[in-house]
Amino acid sequence: VTGPSPRVQLAAVFRKEVRQTVRDRRIMFMLVAAPMIQTVIFGFAVDFDVDRVPAVVVDGDRSAESRGHARRLLADGTLLRSGAARSVAEAEHEVDDGRAAAVVVLPRGLGADLLAGRAAEVQVILDGTDPNRATVASGAVSRYFGEVGESLARERLLAAGVRPPAQVEVVPRIAYNPGLETPPFMIPGIAAMLLLIVTTIVTAMGLSREREMGTLEQVLVTPIRPLLLLVGKMAPFVVIGLVDVALLMAAGTWIFGVPLRGNLLTLLAGTLLYLMTTLGVGLLISTLSTTQQQSFLGGFLFTMPAILLSGVMTPIRAMPGWLQAITWVNPVRYYVEVMRTTLLRGAGFAELWPQLLALAILGGSILATATLRFHKRIG
Amino acid sequence: MTPKERIRRSLVRIGAMAAKETLHIQRDPRTLYLALGMPVVMLFLFGYGVSFDLERIPLAVADRDRTEESRALVDAVTAARELERVAEVPAERADELFRRNRALAVLVVPEGYGRDVARGERTRVQLLVDGADSVSANQVLAKVDALVRAETRRLSGPGLADRAPPLRVQVWTRYNPEGRSALFMVPGLAAYVLAISAVLLTALTIAGEWERGSMEQLFAAPVGRLEIVLGKLLPYVVLGMIELQLVLAFGTVAFDLPVRGSAVLLFSIGFFFLAGMLGQGLLISVVAKNQLVATQAGALSALLPSLLLSGMVFPIGNMPLPLQLLSRIVPARYFVHALRGLLLKGNGLDVLWPDLVALVAFVVVIVGLATARFQRRLA
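As the structure is a prediction and not an experimental result, all values here were calculated from the model. (Residues numbered from 1 in each chain as written. Chains lettered and ligands numbered in written order. Predicted model: local features only at pLDDT ≥ 70, side-chain atom pairs only at ≥ 80, totals over all residues. Heavy atoms only, no water.)

### As for the nonpolar core
Judged by nonpolar contacts, the single largest core of 174 residues is most densely connected at A:Phe300, A:Met304, A:Met313, B:Phe46 and B:Phe314. The element best represented in this core is helix α8 (residues 181-203) of chain B, accounting for 17 residues. With sequence-adjacent residues up to four places away left out, A:Met313 is seen in contact with A:Phe48, A:Met186, A:Leu308, B:Phe52, B:Leu307, B:Leu308, B:Val313 and B:Phe314. (Core = buried A, V, L, I, M, F, W, Y, C linked by side-chain atoms within 4.5 Å. Buried < 20%, exposed > 50% of the residue type's maximum accessible area, 1.4 Å probe, protein only. Helix = DSSP H or I, 4+ residues; strand = E, 2+ residues; numbered from the N terminus. Contact = heavy atoms within 4.5 Å.)

Here you go:
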């Protein structure tokens with residue numbers, strides 16, 4: 001029996017899927033508008049810069065020198081005076097209650113000691129709950145008083161007629177992102193995250209839903225080949241995914257200044273291969289579950305670790321070795337690398353072929369497994 | 001009927017609803033295992049995997065001087081395990097290394113470095129940094145700066161190094177003296193995984209009843225709307241409390257998380273947080289009427305806000321004002337703050353009451369909304 005040609009079959013399924021998806025306004029909102037809104041909101045939320053750390057200065061000296069040190073210490077904006085305390089105990093209470101994260105204690109006699117060339121000690125008490133903030137705050141205090149101490153030491157050496165020793169200075173030159181801003185780095189990661197959530201879970205649940213409602217069996221008795229059915233079902237999501245990426249990148253460039261430095265064809269290839277893996281995982285999950293609820297939980301079981309182990313939030317280099325090994329099979333990792341390296345570092349196929357190859361291998365094997373399982377389930 | 005009798009009967013009906021929902025849960029043990037197992041597995045993975053502390057940062061070296069002094073500097077910088085020399089390259093090839101993700105920075109030692117050091121002059125070395133990832137870039141800058149400073153001190157000979165610096169800064173870090181990322185991240189992660197699993201558990205319950213057509217039957221039964229909502233919530237609250245204990249027990253055992261505050265307060269705050277997140281899932285379920293829409297709404301409203309607006313990773317104080325206001329309706333924000341205060345600082349109700357009040361208010365509003373929307377649906 002010769003049915004309609006594959007092209008006709010494919011077009012029919014594609015038309016049906018597009019109609020079904022577009023008809024539900026709420027789904028379209030979730031698929032297109034929601035990722036866009038979220039990118040804009042979270043683009044503003046992500047900022048690793050630590051400044052304005054609430055700090056209390058306990059000035060035990062109350063001299064012109066100690067007041068000058070306190071003022072110059074706070075001048076660069078890393079620490080922000082959040083309150084006053086007369087004693088160390090009072091200041092510690094501020095830290096306990098979360099009103100201050102750092103206490104700088106200037107001891108009695110600080111000004112006189114420094115003028116007389118006697119050793120002095122400044123105490124810093126930090127709220128260590130956020131180690132990053134604590135490091136930055138202690139760094140700011142140490143740097144300031146380190147410089148004060150060094151220049152005092154040099155003055156004293158010069159006064160004693162000794163030649164001061166050599167000094168090596170580090171001049172940083174920062175490539176790609178001179179202001180070290182967070183959004184240009186995070187927006188590509190957020191885009192990859194949203195694309196994953198939207199495509200994987202929608203595919204997984206869409207198929208489970210058809211199975212629950214019994215419409216999958218109805219379609220399967222028509223002369224369509226199961227493979228074409230799958231391709232036709234996924235095609236609209238590929239289109240939606242590409243539209244999403246284009247929108248997110250437009251928002252990223254216009255609002256957050258994400259640069260577009262590299263080869264956009266590489267980015268397109270990466271996006272297509274990535275969608276192949278996310279849709280493939282969705283399909284695989286749907287073949288493993290019987291209800292929409294199971295599909296959904298399965299989708300989450302995949303997306304959550306995939307996001308947190310992708311390098312989007314925290315660097316992969318900071319993970320222990322065994323977790324780094326797991327990230328080798330994480331498609332999100334490769335796509336985030338492709339996005340960031342093309343957009344920010346201006347790379348192309350020459351540098352990114354390993355990531356693209358990895359995505360192709362992962363996508364191919366996931367899709368193949370999923371298709372086989374799908375055939376078995378309906379066969 | 002006396003008011004007392006009315007309350008008793010209402011409680012019986014809520015109990016009946018809860019028993020029905022418990023049967024639903026029992027019938028699908030796969031979902032139950034996922035719900036109980038998922039948070040613990042996630043906490044395990046993320047507790048180890050989510051860290052910003054880079055070790056063995058790949059550093060390339062461009063030594064243009066090639067003298068004994070320049071080699072000594074390079075050795076001093078790469079002697080500790082923190083920075084690892086990966087390549088010896090001319091500075092022009094830095095871009096290529098960055099694009100291929102082989103190095104995070106290139107240390108350029110200029111010609112004449114050895115001569116300047118020998119003469120005791122001020123001299124400069126350049127550090128090219130891949131600024132795409134601002135967090136990693138900042139770490140590289142800070143580490144290289146500290147190591148070069150140490151080298152300067154060594155160069156200045158025993159004369160200056162042995163002399164006690166006139167100004168010392170003594171840093172005392174409270175609550176987390178070793179600055180472990182895990183102590184900061186695990187309370188946040190606990191809130192995150194609980195938020196997600198709670199919303200997911202309930203997001204599908206009512207949407208599923210609508211899709212299966214059993215909702216009309218439920219309405220025909222002599223049960224009030226609020227009774228349905230509370231009855232549906234009850235078993236999940238019990239599940240959630242078990243989850244909370246599992247997660248906290250796991251955190252204390254695997255990551256040495258201290259519990260310095262009161263356990264009673266911990267569990268009451270946890271109770272209201274869970275009730276709020278379960279209520280949010282229920283509200284989504286009531287509004288969506290369709291499992292696919294419900295999951296997307298649940299995912300987008302729980303997954304990303306709990307991650308990005310809760311203060312778990314990104315400090316809320318750094319966000320623009322509109323987002324700071326938006327974060328006030330994210331329950332995870334209060335729970336993360338309360339958990340850190342309770343576990344690490346040993347705060348009590350005197351400090352944490354605003355968090356508790358906010359969480360209770362969220363529960364009341366969300367259950368009220370779910371009930372109200374429920375009534376309007378039927379009319």
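Having seen the model, we can carry on.
### Side note on helix α3 (residues 68-79) of chain B
All names here are of chain B. Here α3 contains twelve residues, and its C-alpha end-to-end distance of 16 Å stays within 8% of the 16 Å for a straight helix at 1.5 Å per residue. Taken together, the buried positions of α3 are occupied by Ser 70, Leu 73, Val 74, Val 77 and Thr 78. Along the axis of α3, the buried residues cluster in a sector spanning 115 degrees; they form a single face. Residues Glu 68 and Ala 79 are exposed on α3 and point more than 90 degrees away from its buried face. Where α3 is buried, its residues touch β1 (57-63), β2 (83-88), β3 (105-109), α5 (113-119), β4 (122-130) and α6 (134-155). (Expected span 1.5 Å × (residues − 1). Arc of directions from axis to C-beta.)

### Quick notes on the interface of chain A and chain B
A common way to report how large an interface is uses the accessible area buried once the components associate. Counting residues at the interface gives 110 residues for chain A, matched by 109 residues for chain B. Here chain A and chain B share an interface that buries about 10300 Å² over both sides, 64% of which is from carbon and sulfur atoms. Together, A:Val168, A:Met304 and A:Arg317 form the three largest contributors to the area buried by chain A at its contact with chain B, with a combined 7%. Taken together, chain A and chain B are joined by six salt bridges. In this structure, the salt-bridge partner of A:Asp127 is B:Lys345, at a minimum N-O distance of 3.2 Å. Viewed at the interface, chain B and chain A are joined by 28 residue pairs in polar contact (both at pLDDT 80 or more). (Buried area = accessible area lost by both parts, 1.4 Å probe. Salt bridge = Lys/Arg side-chain N within 4 Å of Asp/Glu carboxyl O. Polar contact = N/O pair within 3.5 Å; in protein donor to acceptor, adjacent residues only side chain to side chain.)

### Notes on unusual backbone geometry
Of note, A:Tyr176 is a non-glycine position whose phi angle comes to about 70 degrees, a positive value. Look at B:Arg66: it is not a glycine, yet its phi comes out positive at around 55 degrees. Inspection of the secondary structure puts B:Arg66 in the loop between β1 and α3. Assessed through its relative accessible area of 56%, B:Arg66 is described here as exposed.

### So, the domain arrangement of chain B
If you check the domain split of chain B, you get domain 1 (3-50 + 179-378) and domain 2 (57-156). With centres defined by C-alpha atoms, the gap from domain 1 of chain B to domain 2 of chain B works out at 49 Å. (Domains from an automatic or database assignment.)

### With respect to the layout of surface pockets
By volume, the second largest pocket amounts to about 1200 Å³. Lining the second largest pocket are 37 residues; nearest its centre among them are A:Gly98, A:Arg133, B:Ile316, B:Gly317 and B:His337. Ranked by residue count, the leading element in the lining of the second largest pocket is helix α15 (residues 331-345) of chain B, at seven residues. Residue composition of the lining of the second largest pocket, by class: 13 nonpolar, eleven polar and 13 charged. (1 Å grid on protein atoms, 1.4 Å probe; cavity = no way out; pocket = protein on both sides within 12 Å on 5 of 7 lines; lining within 4 Å. Points joined across faces, edges and corners; volume = space filled by probe spheres on them. Nonpolar A, V, L, I, M, F, W, Y, C, P; charged D, E, K, R; others polar.)

### What about the environment of B:Gln280?
All names here are of chain B. Turning to its location among the elements, Gln 280 is positioned in helix α12 (residues 263-288). Gln 280 sits 208 residues away from Ala 72 along the chain, and the two C-alpha atoms are 61 Å apart. What Gln 280 contacts, discounting residues up to four positions off in sequence, is Val 199, Ser 301, Ala 302, Phe 362 and Ile 366.

### Structural notes on the packing of aromatic side chains
The relation between two aromatic rings is expressed through the spacing of the ring centres and the mutual angle of the planes. Residue and element names in this part refer to chain B. Per the stated rule, a full pass over the model turns up 13 aromatic pairs over all chains. Measuring from ring centre to ring centre gives 6.0 Å for Phe 44 and Phe 250, while their planes differ by 70 degrees; the resulting arrangement is edge-to-face. With Phe 44 in helix α2 (residues 29-49) and Phe 250 in helix α11 (residues 225-255), this pair connects stretches of sequence that are 206 residues apart. Under the relative-accessibility criterion, Phe 250 is labelled partly exposed at 22%. Ring geometry for Phe 273 and Phe 335: centres 4.2 Å apart, planes at 10 degrees, overall stacked. In this pair, Phe 273 is assigned in helix α12 and Phe 335 in helix α15, connecting sequence segments 62 residues apart. (Phe/Tyr/Trp six-rings, centres within 6.5 Å; stacked < 30°, edge-to-face > 60°.)

### A look at the pairing of β1(B)
Residues and elements named next belong to chain B. When you tally the buried positions in β1, you get seven out of seven residues, the bulk of the element. Going residue by residue along β1, you find Ile 57, Leu 59, Val 61 and Asp 63 tucked away on one face and Pro 58, Ala 60 and Ala 62 tucked away on the opposite face as well. As defined by bridge partners, β1 adjoins β2 across five bridges and the pair is classed as parallel. From the neighbouring strand, Pro 58 faces β2, where its bridge partner is Glu 84. Each parallel crossover has a hand, and for β1 linked through α3 to β2 it is right-handed. By the bridge criterion, five bridges tie β1 to β3 in an arrangement that is parallel. In the sheet register, Asp 63 faces β3, and the bridge partner there is Val 109. (Pairing = 2+ DSSP bridges. Right-handed = clockwise from strand over helix to strand, strands pointing away.)

### Section: empty space enclosed by the protein
Residue and element names in this part refer to chain A. Following the criterion strictly, the structure yields one cavity of 30 Å³ or more and no others. Here the largest cavity is characterised by a volume of approximately 40 Å³. Lining the largest cavity, in full, are Ile 187, Pro 188, Ala 191, Leu 248, Met 249, Gly 252, Val 258, Met 339 and Leu 343. Along the lines of polarity and charge, the residues of the lining of the largest cavity split into eight nonpolar, one polar and no charged.

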